[in-house]
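Observations on the model geometry
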Amino acid sequence: MYMIEARNIHKSFGDLHVLKGISLTVDKGEVIAIIGPSGSGKSTFLRCLIHLEVIDSGDIIIQGQPFAYETEDGKSHYVPDKQAREICKKLGMVFQNFNLFPHKTVLENVIEAPIVVNKMDRKEAIDIAEGLLSRVGLADKKDNYPSQLSGGQKQRVAIARALAMKPDIMLFDEPTSSLDPELTGEVLKVMRDLAEDRMTMLVVTHEMGFAREVADRVIFMDNGEIVEEGCPKEIFHNPGNERTRSFLEQVL
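The rules behind these values
- Residues numbered from 1 in each chain as written.
- Predicted model: local features only at pLDDT ≥ 70, side-chain atom pairs only at ≥ 80, totals over all residues.
- Heavy atoms only, no water.
- Pairing = 2+ DSSP bridges.
- Helix = DSSP H or I, 4+ residues; strand = E, 2+ residues; numbered from the N terminus.
- Buried < 20%, exposed > 50% of the residue type's maximum accessible area, 1.4 Å probe, protein only.
- Arc of directions from axis to C-beta.
- Contact = heavy atoms within 4.5 Å.

The sheet contact formed by strand 4 (residues 57-62) and strand 5 (residues 65-70) spans three bridges and is antiparallel. Considered in strand 5, the bridge of I61 is made with P66. Here strand 4 folds back onto strand 5, and the loop between the two strands holds two residues, one of which, Q63, carries a positive phi near 50 degrees. Examined bridge by bridge, strand 5 and strand 6 (residues 76-78) share three bridges and lie antiparallel to one another. Bridge pairing links E70 to S76 in strand 6.

Structure, rendered in structure tokens:
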């Protein structure tokens, strides 16, 4: 059973065809890095997987459970809302711009969803949150507000917040792209630790070093399509597609 199975995903915004038949499977414990130029559909694909965008056609299956399915009319339909919410709980997502609640402390940001969405006991939620904040190196910041944190610290809180929901799969949408270079390393370290713990991860990234060193598989997307995929060594040292080769020459 795959953790994620996407089949022939299409998504348009008006006349703009953003995803043009994306198919991808993700195994348990696999780390997949998705690279490619801006505007290639990478972030849209992640947002479709977690239902922040609605696909036009294709199928999405999460841990063997149908989530979106294409019918004879060629359009995709989703499972009922209650079932969809339960499936979405299996996925955690970390965004480019943190999306923390500015009026809540670090600890309050992390416990909010487990209490409100999962109806978790507050004491249990706090225990879990404090453990996660220790894991990301921010135990001493639990009473601080986001405005008192660096960008790297905010992103580590965002990772702890996503992990607090105990997801089976983590999606990262360019988690370091808005950070200064010196802050990027602290976020990538947390992600490397997750990878070592065999967390299933799908990471849209511009960090080629991370993709090369941590990913089990690298996906190169361009113009709404998966152009090439393979192990990091193949992609970075011997890309088979000219579009992949041209992109890597520009960024490496």
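Right, let's talk about helix 2 (residues 81-88) for a bit. The periodicity of an α-helix, 3.6 residues per turn, causes residues three or four positions apart to be oriented the same way. Those residues of helix 2 lying buried are A84, I87 and C88. For helix 2, the arc enclosing every buried residue in end-on projection is 100 degrees, short of the 170-degree limit, so these residues lie on one face. When the buried face of helix 2 is taken as reference, the exposed residues oriented beyond 90 degrees from it are K82 and R85. In this fold, the buried residues of helix 2 make contact with strand 4, strand 5 and strand 7 (91-94).

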